[in-house]
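Topology and contacts: notes
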Amino acid sequence: MARRLLLDPAIHEEFTRLKNLVEEKDKKVKELQEKIAAVSFTPQSKMGKTLMAKCRTLQEENEEIGTQAEEGKIHELAMKLASEKSQNAELRSQFEALHKQIDELTNDAERSNETVYILQEKLEVKDNEIKRVKLELHQKTVLEKDN
């Protein structure tokens, strides 16, 4: 009997329409159930456990990437520090060489000043001696004239 009813085109069309309507409603019910499951998310639900596991995995990956980035920065800073230390050592060496040279020049200048002082004293002595000899010569000349 059911076959005969389906053979009737009007009944068959109505049956197909109702069948499609039921399928659409089933899809809508499933979609709404998924939305309810998403809204009623809890860490204990299956979806919640999956999402929590994914979050933990992502967090671990982020921490690892952060550690690698930090290690890279530390390595870069260590390289810069080593370079600065090397440059500092070179500048210190140059400074010490200049300081030694300045000490030598200072000693040379002090010796030169001492020599100049000694020569000035000798010059004064010689000037005094020349004055004395001139005076004696002058006195001798005056005495000879008087004689």
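Residues numbered from 1 in each chain as written. Predicted model: local features only at pLDDT ≥ 70, side-chain atom pairs only at ≥ 80, totals over all residues. Heavy atoms only, no water.

Along the chain, the regular secondary structure elements total three helices and zero strands. Its helices and strands taken in sequence order, the chain reads α-α-α from the N to the C terminus. A compact globule built from 147 residues should have a C-alpha radius of gyration of about 15 Å, whereas the chain, at 57 Å, is more than 25% larger. The dimensions of the chain, computed from C-alpha atoms along their principal axes, are 190 × 30 × 20 Å. When each of the 147 residues of the chain is scored for burial, the buried share is 1%. Distance between charge centres in the chain, computed from 26 positive and 30 negative side chains, equals 10 Å. (Helix = DSSP H or I, 4+ residues; strand = E, 2+ residues; numbered from the N terminus. Rg over C-alpha atoms; globule rule 2.2 N^0.38 Å. Buried < 20%, exposed > 50% of the residue type's maximum accessible area, 1.4 Å probe, protein only. Lys, Arg positive; Asp, Glu negative; His and termini not counted. Charge placed at Lys NZ, Arg CZ, Asp CG, Glu CD.)

With that settled, consider a negative patch on the surface. Taken together, the side chains of Glu60, Glu61, Glu63 and Glu64 make up a negatively charged region of the molecular surface. Mapped onto the secondary structure, Glu63 falls in helix α3 (residues 46-146). Under the relative-accessibility criterion, Glu63 is labelled partly exposed at 48%. (Patch = residues over 30% accessible without salt bridge, like charges linked within 9 Å, V, L, I, M, F, W, Y side chains within 5 Å. Areas by Shrake-Rupley, 256 points an atom, 1.4 Å probe, with all protein chains shown as cover. Salt bridge = Lys/Arg side-chain N within 4 Å of Asp/Glu carboxyl O.)

Applying the stated rule across the entire model yields five salt bridges. Notably, a salt bridge pairs Lys80 with Glu76, separated by 3.7 Å at the nearest N-O pair. Of this pair, Lys80 and Glu76 are both found in helix α3, four residues apart, which corresponds to roughly one turn of the helix. Relative accessible area serves as the criterion here: at 48%, Lys80 is assigned to the partly exposed category. Note on Glu76: relative accessible area 43%, which makes it partly exposed.

Summarising the element assignment, Arg111 is placed in helix α3. Along the primary structure Arg111 and Arg17 are separated by 94 residues, whereas in three dimensions their C-alpha atoms are 122 Å apart.

Low pLDDT means the predicted atomic positions in that stretch should not be read closely. Per-residue confidence for the chain gives a mean pLDDT of 87, with 90% of residues at or over 70. Here helix α1 (residues 2-7) stands out as the least confident element of the chain, with mean pLDDT 58; α3 is the most confident, with 91. (pLDDT = per-residue confidence, 0-100.)

Moving on, we come to the environment of Glu90. Mapped onto the fold, Glu90 is located in helix α3. Between the C-alpha atoms of Glu90 and Ala109, which are 19 residues apart in sequence, the distance is 28 Å.

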